[in-house]
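Inside the fold
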Amino acid sequence: MDLGHLHPAPGSTHPKKRVGRGPGSGNGKTAGRGHKGRGSRSGGNTPPGYEGGQMPLQRRLPKHGFKPMHHVTYEVVNLAQLATFPAGSSVGPDELRARRLVRGRGKKVKCLGDGQLSHALTVKAHAFSAKAKEQITAAGGTIEVLLGD
């Protein structure tokens, strides 16, 4: 088989519609475009969202919300969740992901101070609340602030 013997599948192609060729064709005179209006003119198609002069939906609905360009969202972990790790262990985003305490790769992790921590841990996260820092160091643990991702 070579490129010279390739043909479209039967029924997949059809001849071009010849419009404006007399009334007997069924597509004569206005050539299937109807009378007057934007669709009958050459180059006369409508932009997306155009509703024939009616106020478009996008303009009828109110504007809503604002998203800051450099807003950072954190996956949140509380001290009560960190307390499930054994004493002396190192806890970072990878360990938290393994236990499904945080979801998604490449997301930043923030440690919050809800709950009690009774044993020392080395906690690695991108951000800490003041209460979380206080409780981790009070329990004899250390905190490491991760930069970037």
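A brief structural summary. Please read all numbers here as calculations on a predicted model, not as lab measurements. In this convention, every chain numbers its residues from 1, walking through the sequence in written order. Where local features are concerned, this predicted model is filtered to residues with pLDDT of at least 70; where side-chain atom pairs are given and counted, the filter is 80 or more; whole-chain, interface and lining totals use all residues. As a rule here, side-chain values come from all non-hydrogen atoms in the structure, and water together with hydrogens is ignored.

**What to know about the pairing of strand 4 (residues 122-125)**
The classification of residues rests on relative accessible area computed with a 1.4 Å probe and restricted to protein chains. Under 20% of the type maximum is buried, over 50% is exposed, and intermediate values are partly exposed. In DSSP terms, a helix is any run of H or I states spanning at least four residues, a strand is any run of E spanning at least two, and both are numbered starting from the N terminus. Residues Val123 and Ala125 of strand 4 are buried on one face, while the alternating residues Thr122 and Lys124, pointing to the opposite face, are not. With two bridges joining them, strand 2 (residues 90-91) and strand 4 adopt parallel strand pairing. Bridging from a neighbouring strand, valine 91 pairs with valine 123 of strand 4. Looking at chain direction, strand 4 and strand 6 (residues 142-145) are connected through four bridges and run parallel. By the bridge assignment, threonine 122 is partnered in strand 6 with threonine 142. Two strands qualify as a pair provided DSSP detects at least 2 bridges between them.

**Thoughts on a nonpolar patch on the surface**
Residues Met1, Leu3 and Leu6 make up a contiguous nonpolar surface patch of roughly 450 Å² in combined accessible area. Structurally, leucine 3 can be placed in the segment before helix 1 (57-60). Excluding any residue in a salt bridge, patches collect residues exceeding 30% relative accessible area, merging like charges within 9 Å and nonpolar Val, Leu, Ile, Met, Phe, Trp and Tyr side chains within 5 Å. Accessible surface is estimated by sampling points in the Shrake-Rupley manner with a 1.4 Å probe; for residues, cover comes only from the protein chains shown. Throughout this description, the term salt bridge denotes a Lys or Arg side-chain nitrogen within 4 Å of a carboxyl oxygen of Asp or Glu.

**So, the nonpolar core**
The biggest cluster of nonpolar side chains holds 16 residues, and the ones touching the most others in it are Leu82, Leu96, Cys111, Leu121 and Ile136. Elements with a minimum of two residues in this core: helix 2 (79-82), strand 3 (108-112), strand 4 and helix 4 (130-138). Between two residues, a contact is recorded if the distance between any of their heavy atoms is within 4.5 Å. If near-sequence neighbours (up to four positions away) are discounted, leucine 82 is found in contact with Val77, Val91, Leu96, Cys111, Leu117, Leu121 and Val123. Joining through side-chain atoms within 4.5 Å is the link that ties buried Ala, Val, Leu, Ile, Met, Phe, Trp, Tyr and Cys residues into a set, and such a set is a nonpolar core.

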